[in-house]
Amino acid sequence: MENDTIITDTIDDSEDIHDSGKHDTADTKTALRTINLSVKFFDKLAIKNINIRVKKNNVAAIIGPSGCGKSTFLRSINLMHDLTPGAKVYGDIYVHNEHITDNNVVDLRKKVGMVFQKPNPFPTMSIYDNVAAGLKLNGIRNKSLFDETVEKNLTYTGLWDEVKDRLKSPAISLSGGQQQRLCIARTIAVKPEIILMDEPTSALDPVSTSKIEELIINFKKHYTIIIVTHNMQQAGRISDYTAFFYLGKLVEYSRTRRLFTNPREKLTEEYVTGKFG
Amino acid sequence: MQESDIKISEEISTKEIRSKRKPGDIFFENLTLLFALLLIGLVLFIAIEIYGDSAESIEHFGFSFIFSSDWNPVTEKFGALAFIYGTIVSSILALLISLPVSIGVAVFLSEIVHKSVRTPVSFLVEILAAIPSIIYGFWGIYVLAPFMASTVQPALSSLFGFLPLFQGPIFGTGMLTASLILAIMITPIISSITRDVLKAIPVSQREAAYALGATRWEAIKMALLNARSGILGGAVLGLGRAIGETMAVTMVIGNKAQIKASLFEPAYSMASVIANEFAEASGSLHISSLIEIGLLLFGVTFIVNTFARILIYSVTRKT
Ligand SMILES: Nc1ncnc2c1ncn2[C@@H]1O[C@H](COP(=O)(O)OP(=O)(O)OP(=O)(O)O)[C@@H](O)[C@H]1O
Ligand SMILES: [Mg+2]
């Protein structure tokens, strides 16, 4: 594998998690750790040697221009590239200190939930069944638990009042933004330890967006969230750390406040001040 | 806000838009309309023609034609029930045998197998659909029927002999063998439609299932559930083919106008009796009766298809 500049995760000075470049198994504060993570589509390198560490109960935002590899990075964490023809993943991923391999992929995906860039509800399933789908996959058959979960998670995503009278109608009868919120509800219904969100609010109105942001901030208490966003204000509002990707490389990974006010890299500064991108 | 507060403006007139269309659009619209009407007209024409030609038999026997299973050209007693029974039972049985196999083949081809194997196997499956039915008939008589008589039927009767379905003398030919031949003939149709339907499911749907921690089988199950209306549509097409199939069935069904509980017994189908007797029919009542069976075959196809559509509709809607 081509060995480009290796950028270690430069976590904020005050927070003092220095990276030795090796995985420390006694580390209990880290939810996600990638070491030299690269992804190739056929012969084209899409992300190069990404080293990142996300702490538990933090929100990490990923920003960067279109096509820089944000989705590619996110999708490698729950091994979604297994399904992509021509995709190859290199490097190491640790989720809660566990080395991720193809062998435990089903368990991994139960722990690491994902909200996709494009809403993808199960079209022939009802709204209700969509939210309950994850529970069913976990072998749960308890109707009252389903009811409770559906109501709770649809309320979290601000969808309950809009759909409570038609829970049995098919999910594709919802608008695009409603579908996205349904997908968020479906993902959080199984209480994953880490939630990966790929531009979850790009199709949403301001009210729904702030509902989702609120949800993310509340969920931080129990979960770790990694969110891709094109909205820098949003990254500023909800995230603790922000990663800036450019052309498949991790340019900078710093505390959000620092990254937006006093970035280490000139490239970052140019991007966040809108000089390019 | 109250309902009455909302004023809905007048519907935008489509007529106005229509009148401004280009002549080419109008030409093609009418051309397609003409083709559609031609098809409907053809069906109506055939139906009326068949109805007219079977008038003598309809007049002579009335409704008893449908409810009697007597068929005797010598005494000129004609009743179609045994043929209707033979056609419906053999087709539905064929569908019941073929559907799980077809789904299995489709899942294998679209989800499991590697690309390099998929293309040749898909090709083979499609070739099966192109084999003339007379060839299936020969194969049925010379290979399948002896095998049924020597192996399958004795096994069934020793395992499930307590059921009336699997009792009685073993000939090799008969209802079960005919159903099996039909099942083989419709499997390529149903499986290739099912495969296409499965392949049309967007990747994002699969990803949704996998991202929730579905295993491969769970994801395939969800895909099948997703695709169920398309799969059932394929099944209806296969059923239609089975109902109308003539040659292969004629060669293995035994050609005996009777209604028996046992699937080992010979039977007869509507298409088969027409094919067997039409050329040699002498009396005009005999001919007219055969044509009335054709008319009924029309009706059975129509009813079965309607019923299947209703079934699909109710299954699809029940989300
Ligand atoms: N399935 C694929 N096959 C081939 N190339 C791909 C595939 N998916 C992504 N790529 C390529 O990888 C690069 C990174 O794409 P990615 O989707 O990660 O971008 P992104 O940062 O998420 O962009 P956006 O902000 O537009 O969503 C792009 O050049 C893209 O063309
Ligand atoms: Mg993306």
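All figures in this text were calculated on a predicted structure; none of them were measured in a lab.

### Topic: the coordination of the magnesium ion (ligand 2)
All names here are of chain A. Those donors, Ser71 (OG) and Gln117 (OE1), are the protein atoms that reach the magnesium ion (ligand 2), and they lie 1.9 to 2.3 Å from it. You can see serine 71 sitting in helix α1 (residues 70-77) and its partner glutamine 117 sitting in the loop between β6 (112-115) and α3 (127-137), a full 46 residues away along the chain. Accessibility expressed as a relative area gives 37% for glutamine 117, which makes it partly exposed.

### Quick notes on the interface of chain B and chain A
How large an interface is tends to be reported as the accessible area lost when its parts come together. With 17 residues of chain B at the contact, the number on the chain A side is 23 residues. Interface area for chain B against chain A, summed over the two sides, is near 1,800 Å², with a carbon-plus-sulfur share of 65%. Here chain B and chain A share one salt bridge between them. For glutamate 207 of chain B, the salt bridge identified is with arginine 75 of chain A, shortest N-O distance 2.7 Å. Counting across the chain B and chain A interface gives four residue pairs in polar contact (both at pLDDT 80 or more). Of all elements in the fold, only α9 (203-211) and α10 (216-226) of chain B reach the threshold of two or more residues within the side of chain B that touches chain A. Residue contributions to the side of chain B that touches chain A peak at seven residues, all from α9 of chain B. Across the side of chain B that touches chain A, the residue classes break down as eight nonpolar, six polar and three charged.

### Observations concerning the domain arrangement of chain B
Residue and element names in this part refer to chain B. Taken as a whole, chain B is organised into domain 1 (3-53) and domain 2 (80-318). Look at where the C-alpha atoms of domain 1 and domain 2 centre, and you get two points 36 Å apart. Every contact between the two is made by six residues of domain 1 and, on the other side, five residues of domain 2. With both sides pooled, the region where domain 1 packs onto domain 2 buries about 480 Å², and carbon together with sulfur makes up 85% of that total.

### Digging into the side chain of serine 102 of chain B
Mapped onto the elements, serine 102 of chain B comes out in helix α5 (residues 81-112). Once you skip the residues sitting within four places of it in the chain, serine 102 of chain B turns out to touch Thr187, Ile190 and Ser191 of chain B.

Scoring rules and cut-offs
For every chain, the first residue of the written sequence is number 1, and numbering continues from 1 onward in sequence order. The order in which chains are written sets their letters, starting at A; the order in which ligands are written sets their numbers, starting at 1. Thresholds applied to this predicted model are a pLDDT of at least 70 for local features of residues and 80 or more for the giving and counting of side-chain atom pairs; totals over whole chains, interfaces and linings are not thresholded and use all residues. Values shown for side chains rest on all heavy atoms present in the structure; no hydrogens or waters enter the calculation. The donor set covers N, O and S atoms within 2.8 Å of the metal, switching to 3.2 Å for Na, K and Ca, and it leaves out water, so a site may look short of donors. Helix numbers and strand numbers start at the N terminus; a helix is a DSSP run of H or I with at least 4 residues, a strand a run of E with at least 2. Remark: exposure states derive from per-residue accessible area (1.4 Å probe, protein chains only) relative to the maximum for the residue type, with buried under 20%, exposed over 50%, and partly exposed in between. Contacts are residue-level and defined by heavy atoms, with any inter-residue pair within 4.5 Å sufficient. Summed over both partners, the accessible area (1.4 Å probe) lost when two parts come together is defined as the buried area. Salt bridges are identified by distance alone: a Lys or Arg side-chain nitrogen within 4 Å of an Asp or Glu carboxyl oxygen. The term polar contact refers here to a pair of N or O atoms within 3.5 Å; inside protein, the definition further demands a hydrogen-donor-capable atom paired with an acceptor-capable atom, and it admits residues adjacent in sequence only when both atoms are side-chain atoms. All amino acids are sorted into three groups, where Ala, Val, Leu, Ile, Met, Phe, Trp, Tyr, Cys and Pro are nonpolar, Asp, Glu, Lys and Arg are charged, and the leftover types, Gly among them, are polar. Domains are outlined according to an automatic or database domain assignment.

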